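# Overview (structure and organization)
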Amino acid sequence: AAGDFAHAEQVLEQITRARPDHGGSWAMLGECQLHLGKHELALAALERADTLDPGDFDTLLALAQAYRRSGDGGRALDAARRALGCARPEWSSR
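Heads up: these notes are all about the structure in this document. (Residues numbered from 1 in each chain as written. Predicted model: local features only at pLDDT ≥ 70, side-chain atom pairs only at ≥ 80, totals over all residues. Heavy atoms only, no water.)

### Describing the overall build of the chain
For the chain, the helix and strand inventory stands at five helices and zero strands. Helices (α) and strands (β) of the chain occur, in sequence order from the N terminus, as α-α-α-α-α. When burial is assessed residue by residue, the chain has 30% of its 94 residues classed as buried. Expressed as a percentage of contacts within the chain between residues at least 6 apart in sequence, the contacts between residues at least 24 apart total 41%. Put simply, the chain shows about 5800 Å² of open surface, and 52% of that area lies on carbon and sulfur atoms. (Helix = DSSP H or I, 4+ residues; strand = E, 2+ residues; numbered from the N terminus. Buried < 20%, exposed > 50% of the residue type's maximum accessible area, 1.4 Å probe, protein only. Contact = heavy atoms within 4.5 Å. Areas by Shrake-Rupley, 256 points an atom, 1.4 Å probe, with all protein chains shown as cover.)

This is how it looks when you write it as C-alpha cells:
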C-alpha cells in the first residue's frame, strides 16, 4: 500500500510540474503525501490546491487532517468549518 502511494506521489509530482495551475492534482499529491507521513509536504501541496481551487470540499477535509497531524488544531478546525460551509445541500439529512 505504501508503495502505491509512493508511486502515485512520483506521478503526481510530474503532473504538478507540467500543470502547476491544476488544483486537483495538488490536492491528490497532498493526500498521497499525507498517507506517506510527509506532513509538511502535504500541507504545502494542499494549501496550494486550496489557493488554486478554493472551497473544494475534499481538499478542505484533507487540509484539516494535515493541519491536525502537524499539531495545528486551530487551522484544522478552520479548514473543517470551511469544508462544512461548502458542503452540498443534498448531503444534509432531511
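### Regarding the side chain of E9
As for its position among the elements, E9 is in helix α1 (residues 2–18). On the basis of relative accessible area, E9 is assigned to the buried category, the value being 6%. Of note is the side chain of E9, whose polar atom sits 3.3 Å from the side chain of Q33. Polar contacts involving the side chain of E9 include one to the side chain of K38, which spans 2.9 Å. (Polar contact = N/O pair within 3.5 Å; in protein donor to acceptor, adjacent residues only side chain to side chain.)

### Some points on helix α4 (residues 57–69)
Its 13 residues give α4 an end-to-end C-alpha distance of 19 Å, which sits within 8% of 18 Å, the value for a rise of 1.5 Å per residue. Within the span of α4, buried status applies to T59, L60, A62, L63, A64, A66 and Y67. Tucked inside the fold, the buried residues of α4 contact α2 (23–35), α3 (39–52) and α5 (73–85). Trailing α4 by a residue or two, G71 shows a phi angle of about 90 degrees, which is positive. (Expected span 1.5 Å × (residues − 1).)

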